[in-house]
Each structure stands twice: as structure tokens, then as C-alpha cells.
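What follows is each chain in one-letter form.
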Amino acid sequence: MNFSIQPTLETESILLSPLTGDDFDALYNVAADPRIWEQHPNKDRWQKDVFANFFKGALQSGGAFKIIDRCSNEFMGSTRFYDYNPADNSLLIGYTFYATKYWGKGINHQVKRLMLNYIFNHVNVVYFHVGAQNLRSQIAMERLGAQKIAEQEVAYFGEPYRMNVVYEIRKENWI
């Protein structure tokens, strides 16, 4: 892999900055809201010890970001690039969550466009795992132009297998 999966990416209003160990408390303050995880396959991530495992996986991925509101300098949430596959020149984007105050404001669409515009300079395919019951995120994927291609059991870092929908966006189809 001759590119970074943890660059700093930004727009006028959003900053994606590499996640560091010092970010735990600020990010947990966002993640501690149980409503964020209601549709997620692992509904207990709002609990501090469960979130600590999630955070450890984020750091180990080497591609995790904190998402910052550039106007207020507040943590909005987190996302990551992960599992680069040189065989088909693909990777995944996921583990994304946002504070509920940012829901319905187009933030996810902006963040994903920023990430895709960057990563399609380096890969041909991006996949997304979305919880089978997470209708909100499935709708967001479809609005982004992702195609549902499969269902698959996925074990998130240190967590049990859960059924997920797999979405795909190919470089040649990205606008």
C-alpha cells in the first residue's frame, strides 16, 4: 500500500483528523448516547467498557478519524478506512457514528464524499458493512450511490458476528 489511510481531510465545515489515544474521553462523550447505537448490531457500545474495545480497534486499524465540527471545534463522531485488499485494490469505510445533534443535516453525506474523493485516487472499489437492521445507514448508503451486493456475517473488532448488508461503490461509477 503506497498511500495513507489516515490523512487529514477537510472541508470548510468538517475536519477528519487521525484519531489518537488522547481522543478517548472526547469521543466517548459522543458515543455514550444509547440512541446512536439503537439500530446498530452492537447496541451496547454506549457502555464505556464496550466502547473502550471499539476505540482500541479504531486505533489498531491505522485508518480511524475523529470528525470535528470546524465551526465549534466539537467532536461530531468518528469513521475509518480499513481492510485494504491489494488483490482487488479495495478497502472498506465504516465504523461510522455521529452525535445525534448532527443527524439529518447531511453530515454523513459530506464526510463520505470527502473520504471517497480522496480514496478513489488510490483504490478501485470501496465496500461498506451496514448492520442488517440499520435502516437509517442503509438509506444513507443508497443516497450516496452505493449498491447493495450481498449480506454477510461480520465480526467487528472484538465483538460477535452479526448479519450485515454489504454495499459497494466502484471508482468508475463515482461522480
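Refer to the structure printed above.
Residues numbered from 1 in each chain as written. Predicted model: local features only at pLDDT ≥ 70, side-chain atom pairs only at ≥ 80, totals over all residues. Heavy atoms only, no water.

**Considerations on the overall build of the protein chain**
Reasoning step 1: For the protein chain, the count of helices and strands is four helices and eight strands.
Reasoning step 2: Starting at the N terminus and walking to the C terminus, you meet the elements of the protein chain as β-β-α-α-β-β-β-α-β-α-β-β.
Reasoning step 3: Here the protein chain has a C-alpha radius of gyration of 15 Å; the compact-globule value for 175 residues is 16 Å, and the two agree.
Reasoning step 4: Each principal axis of the C-alpha distribution contributes one length, and for the protein chain these read about 40 × 35 × 30 Å.
Reasoning step 5: Within the span of the protein chain, comprising 175 residues, buried residues form 49% of the whole.
Reasoning step 6: Partitioning the intrachain contacts of the protein chain with sequence separation of at least 6 by distance along the chain shows that 62% fall at a separation of at least 24. (Helix = DSSP H or I, 4+ residues; strand = E, 2+ residues; numbered from the N terminus. Rg over C-alpha atoms; globule rule 2.2 N^0.38 Å. Buried < 20%, exposed > 50% of the residue type's maximum accessible area, 1.4 Å probe, protein only. Contact = heavy atoms within 4.5 Å.)

**Focus: the environment of Ala155**
Reasoning step 1: With respect to the helices and strands, Ala155 occurs in strand β7 (residues 147-155).
Reasoning step 2: Ignoring any residue separated from it by four or fewer positions in sequence, one finds Ala155 in contact with Pro160 and Tyr161.

**Describing the side chain of Asn89**
Reasoning step 1: Secondary-structure assignment places Asn89 in the loop between β4 (75-85) and β5 (90-98).
Reasoning step 2: Note on Asn89: relative accessible area 18%, which makes it buried.
Reasoning step 3: Among the polar contacts made by the side chain of Asn89, one reaches the main-chain carbonyl oxygen of His122 at a distance of 3.5 Å.
Reasoning step 4: Once residues within four sequence positions are removed from consideration, Asn89 is found in contact with Tyr84, His122, Val123, Asn124 and Val125. (Polar contact = N/O pair within 3.5 Å; in protein donor to acceptor, adjacent residues only side chain to side chain.)

**Thoughts on the side chain of Asn42**
Reasoning step 1: The residue Asn42 is located in the loop between α1 (24-31) and α2 (48-61) in this model.
Reasoning step 2: Ignoring sequence-local partners within four residues, the contact set of Asn42 consists of Trp37, Tyr156, Glu159, Pro160 and Arg162.

**So, the environment of Phe51**
Reasoning step 1: One can find Phe51 in helix α2.
Reasoning step 2: Of the residues examined, Phe51 reaches a relative accessible area of 0% and is grouped as buried.
Reasoning step 3: For Phe51 and Gln39, which are 12 residues apart along the polypeptide, the C-alpha to C-alpha distance reads 16 Å.
Reasoning step 4: With residues near it in sequence (within four places) discarded, Phe51 still touches Phe24, Leu27, Tyr28, Ala31, Arg45 and Phe97.

**Description of the packing of aromatic side chains**
Reasoning step 1: Tallying each qualifying case throughout the model produces 17 aromatic pairs.
Reasoning step 2: Note on Phe24 and Phe55: the rings are 5.2 Å apart at their centroids and 90° apart in plane angle, and the pair reads as edge-to-face. Taken together, the positions of Phe24 in helix α1 and Phe55 in helix α2 put the pair 31 residues apart, joining distant regions of the chain. Here Phe24 matches Phe55 in class, with each residue buried.
Reasoning step 3: Arranged with centres 5.3 Å apart and planes meeting at 85°, the rings of Tyr95 and Tyr156 form a pair that is edge-to-face. Residue Tyr95 is found in strand β5, and its partner Tyr156 is found in the loop between β7 and β8 (161-170); the two are separated by 61 residues along the sequence.
Reasoning step 4: What links up through ring pairs into an aromatic cluster is the set Phe24, Tyr28, Trp37, Phe51, Phe54, Phe55, Tyr82, Tyr95, Phe97 and Tyr156.
Reasoning step 5: Stacked on the ring of Phe54, the Lys or Arg Arg80 has its end atom at 5.1 Å from the ring centre.
Reasoning step 6: Arg80 extends its terminal NZ or CZ atom over the ring of Tyr95, reaching a point 3.5 Å from the ring centre. (Phe/Tyr/Trp six-rings, centres within 6.5 Å; stacked < 30°, edge-to-face > 60°. Lys NZ or Arg CZ within 6 Å of the ring centre and 35° of its normal.)

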